[in-house]
Amino acid sequence: QVQLVQSGGGLVQPGGSLRLSCAASGRTTGTYTMGWFRQAPGKEREFVATISRTGGTTRYADSVKGRFTISRDDANNKVYLQMNSLKPEDTASYYCAASESFIATSTPNRYDYWGQGTQVTVSS
């Protein structure tokens, strides 16, 4: 098993940047595909980004492509989501997740472990 603890997030103006962090304890992040999801009030949880176990494959939702970057530091058991050029529609609770799948999957139910969530609010 792995426990995921998130940090980062907060309030930022449109066009600004934030970096979310996800620290793992228990099994190392290197044994998991890692992903980020988000959920806005009244909406379903949606895929944001994923990175394969080796870090060789990344996938992004069309809505964040070119603005967000997922990365992993397995030596320190951490995964990051760098968010640039933030827009009001990026406002949501963001969740990191770990999957035992060997595929960098965008499907939430393929993820086995979830972080506690962190709020990102983009507003002037």
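Quick summary incoming for the structure in this document. Computed from a predicted model, the values in this text were never measured in an experiment.

### Description of the packing of aromatic side chains
Then comes step 1: Enumeration over the complete set of coordinates arrives at five aromatic pairs.
Then comes step 2: Ring centres of F37 and Y111 lie 5.0 Å apart, and the angle between their planes is 80°; this geometry places the pair in the edge-to-face category. One end of the pair, F37, is in strand 4 (residues 33-39); the other, Y111, is in the loop between strand 9 (92-99) and strand 10 (113-114), and 74 residues separate them in sequence.
Then comes step 3: In this structure F37 comes out as buried when scored by relative accessible area, which is 0%.

### A word on the side chain of S99
Then comes step 1: Structurally, S99 is set in strand 9.
Then comes step 2: Only 3.0 Å separates the side chain of S99 from the backbone nitrogen of S101, close enough to count as a polar contact.
Then comes step 3: In this structure the side chain of S99 is engaged in a polar contact, spanning 2.7 Å, whose partner is the backbone oxygen of R110.
Then comes step 4: In this view, S99 contacts Y32, T33, T105, R110, Y111 and D112; residues no more than four positions away in its chain are not counted.

### Examining the sheet that holds strand 7 (residues 68-73)
Then comes step 1: What the four strands build is an open sheet, ordered 1-3-8-7; its pairing is antiparallel. Of all the strands in the sheet, just strand 1 (2-7) and strand 7 have a single pairing partner and so form its edges. Neighbour-to-neighbour, the strand axes of this sheet turn through a mean angle of 20°, independent of strand direction.
Then comes step 2: As paired elements, strand 7 and strand 8 (residues 78-83) share six bridges and run antiparallel to each other. Along strand 8, the bridge assignment pairs T69 with Q82.

### Overview of the side chain of D90
Then comes step 1: Within the element layout of this structure, D90 appears in the loop between strand 8 and strand 9.
Then comes step 2: Residue class for D90 comes out buried when judged on its relative accessible area of 1%.
Then comes step 3: Once residues within four sequence positions are removed from consideration, D90 is found in contact with R38, R67, F68, S85, V120 and V122.

### As for unusual backbone geometry
Then comes step 1: The backbone phi angle of N77 is positive, close to 55°, even though this residue is not glycine.
Then comes step 2: Look at S85: it is not a glycine, yet its phi comes out positive at around 50°.
Then comes step 3: Within the fold, S85 resides in the loop between strand 8 and strand 9.

Rules behind the numbers
Residues numbered from 1 in each chain as written. Predicted model: local features only at pLDDT ≥ 70, side-chain atom pairs only at ≥ 80, totals over all residues. Heavy atoms only, no water. Phe/Tyr/Trp six-rings, centres within 6.5 Å; stacked < 30°, edge-to-face > 60°. Helix = DSSP H or I, 4+ residues; strand = E, 2+ residues; numbered from the N terminus. Buried < 20%, exposed > 50% of the residue type's maximum accessible area, 1.4 Å probe, protein only. Polar contact = N/O pair within 3.5 Å; in protein donor to acceptor, adjacent residues only side chain to side chain. Contact = heavy atoms within 4.5 Å. Pairing = 2+ DSSP bridges. Axes fitted to C-alpha atoms, helices over the stretch in contact; angles between N-to-C directions.

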